[in-house]
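Descriptive structure summary
The residues making up each chain are set out below.
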Amino acid sequence: MTLIVAIGAQNAFVLRQGLRREAVAKVVAVCAVSDAVLVAVGVAGFGAVVRRWPQVVTVAAVVGGLFLLGYGFLAARRAVRPRAMHVETGAHSRPVLTAIALTWLNPHVYLDTVLLLGSIAAGRWLFGVGSVAASVTWFVALGFGARLLSPLFAKPRAWRVLDGVIAAVMTGLGVALLAGW
């Protein structure tokens, strides 16, 4: 659960969509199914393949780092020009594609889910099932529970703070990925 709950691009996006109440079920489904696939790949032993061809991680780090920097820039721009939640509606015209990109272009997903979790599970499918259950529980709680915070996020200042934190985290992760490359 600690690998899944860690703040990152995917969780920040799910939270944002949940607050906006837009395509929440689709975004939660994309994230949960993606995690299930990645956990299964990790448990099945894909970590050995990546250890044999480490350039896969390098390519993922560069692409993911650039993507996260771009997403951080957009969040920073929103932080400078905040809007109340009702004005914000419709900002992501392709939330499902954004969720897919934030999941599959994120090298941390591969490092945490496929390599780390896969090496811990190492063929123990019951551990993998527990990890998938934790992932589904988290994404459902985050996406659908976010609406409980909507009164707070009816204020532009709250969006400014959230987008500022998202911008800082995404930019930091992007820089760290590119610096490590």
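Treat the numbers as computed from the prediction; the structure is a model and nothing was measured. Position labels on residues start from 1 in each chain and follow its written sequence. Totals for whole chains, interfaces and linings use every residue, but because this is a predicted model, local features are given only for residues with pLDDT of at least 70 and side-chain atom pairs only at 80 or more, for both listing and counting. Hydrogens and water molecules were not included; the side-chain quantities draw on all heavy atoms of the structure.

All right, on to the nonpolar core then. With 29 residues, the main nonpolar core has Val-14, Leu-19, Leu-162, Ile-166 and Met-170 as its most contacted residues. Strands here are runs of E lasting at least two residues and helices are runs of H or I lasting at least four, both read from the DSSP assignment and numbered beginning at the N terminus. Counting only elements with at least two residues in this core, the list comes to helix H2 (9-20), helix H3 (24-44), helix H5 (55-80), helix H7 (95-104), helix H9 (125-145) and helix H10 (156-180). The biggest single contributor to this core is H10, with 8 residues. Buried Ala, Val, Leu, Ile, Met, Phe, Trp, Tyr and Cys residues form a nonpolar core when they are joined through side-chain atoms within 4.5 Å. A simple rule labels every residue: compare its accessible area, found with a 1.4 Å probe on the protein chains alone, to the largest value its type can have, and call it buried under 20%, exposed over 50%, or partly exposed in between.

Helix length check: H2 (12 residues) gives 16 Å between terminal C-alpha atoms against 16 Å at 1.5 Å per residue, within 8%. Burial of H2 is extensive: 12 of the 12 residues sit out of reach of the surface. Every buried residue of H2 is listed here: Ala-9, Gln-10, Asn-11, Ala-12, Phe-13, Val-14, Leu-15, Arg-16, Gln-17, Gly-18, Leu-19 and Arg-20. Two residues or fewer after H2 comes Arg-21, characterised by a positive phi angle close to 60°. In a helix, the anticipated span is given by 1.5 Å times the number of residues less one.

Looking now at a nonpolar patch on the surface. Only residues whose relative accessible area exceeds 30% and that form no salt bridge enter a patch; like-charged residues are grouped when within 9 Å of one another, and nonpolar side chains (Val, Leu, Ile, Met, Phe, Trp, Tyr) when within 5 Å. Throughout, the Shrake-Rupley method with a 1.4 Å probe supplies accessible areas, and for residues the shown protein chains are the sole cover considered. A side-chain nitrogen of Lys or Arg and a carboxyl oxygen of Asp or Glu constitute a salt bridge if their distance falls within 4 Å. On the surface, a cluster of nonpolar side chains totalling about 470 Å² of accessible area is made up of Val-33, Val-37, Val-41, Leu-97, Ile-100 and Trp-104. Secondary structure elements with two or more residues in the nonpolar patch: H3 and H7. Position of Val-41 among the secondary structure elements: in helix H3.

On to the side chain of Gln-10, then. The residue Gln-10 is located in helix H2 in this model. Look at Gln-10 and you get buried, because its relative accessible area is 10%. Excluding residues that lie within four positions of it along the chain, Gln-10 makes contacts with Cys-31, Asp-35, Leu-102, Thr-103 and Phe-139. Residue contacts follow a heavy-atom distance rule, with two residues in contact if any of their heavy atoms lie within 4.5 Å.

For Cys-31, the location among the structural elements is in helix H3. Judged by relative accessible area, Cys-31 falls into the buried class, the value being 1%. Other than its neighbours up to four places away in sequence, Cys-31 contacts Gln-10, Val-14, Ala-99, Thr-103 and Phe-139.

Okay, unusual backbone geometry next. Of note, the phi angle at Arg-21 is positive, near 60°, even though the residue is not glycine. Structurally, the position occupied by Arg-21 is in the loop between H2 and H3. We classify Arg-21 as exposed; its relative accessible area is 52%. Despite not being glycine, Ala-23 has its phi angle at roughly 55°, a positive value. Tracing the backbone through its elements, the reader meets Ala-23 in the loop between H2 and H3.

Okay, the pattern of salt bridges next. By the definition in use, this model includes 3 salt bridges. Its salt-bridge partner being Glu-22, residue Arg-20 comes within 2.9 Å of it at the nearest N-O pair. One exposure class covers both Arg-20 and Glu-22, and it is buried. The salt bridge involving Arg-78 is made with Asp-163; its shortest N-O contact spans 3.2 Å. Taken together, the residues Arg-78 in helix H5 and Asp-163 in helix H10 connect sequence positions 85 residues apart. Residue classification places Arg-78 among the buried residues on the basis of a relative accessible area of 16%. Residues joined in a network through salt bridges with shared partners are Arg-16, Arg-78 and Asp-163.

Moving on to the packing of H2 against H3. At a closest axis distance of 9 Å, the pairing of H2 and H3 adopts a crossing angle of 160°. In terms of their interaxial angle, H2 and H3 are classed as roughly antiparallel. In this structure, the crossing between H2 and H3 has a hand that is left-handed. On the side of H2, the interface is formed by Gln-10, Phe-13, Val-14, Gln-17 and Gly-18, while H3 contributes Val-24, Val-27, Val-28, Cys-31 and Asp-35. Axis definition: a line fit to C-alpha positions, over the contact stretch in the case of helices; interaxial angles, taken between N-to-C directions, run 0 to 180 degrees. The scheme is simple: roughly parallel for angles under 35 degrees, roughly antiparallel for over 145, roughly perpendicular for 65 to 115, oblique for anything else. In this scheme the handedness of a crossing depends on how the near helix is turned from the far one: anticlockwise by less than a right angle means left-handed, clockwise means right-handed.

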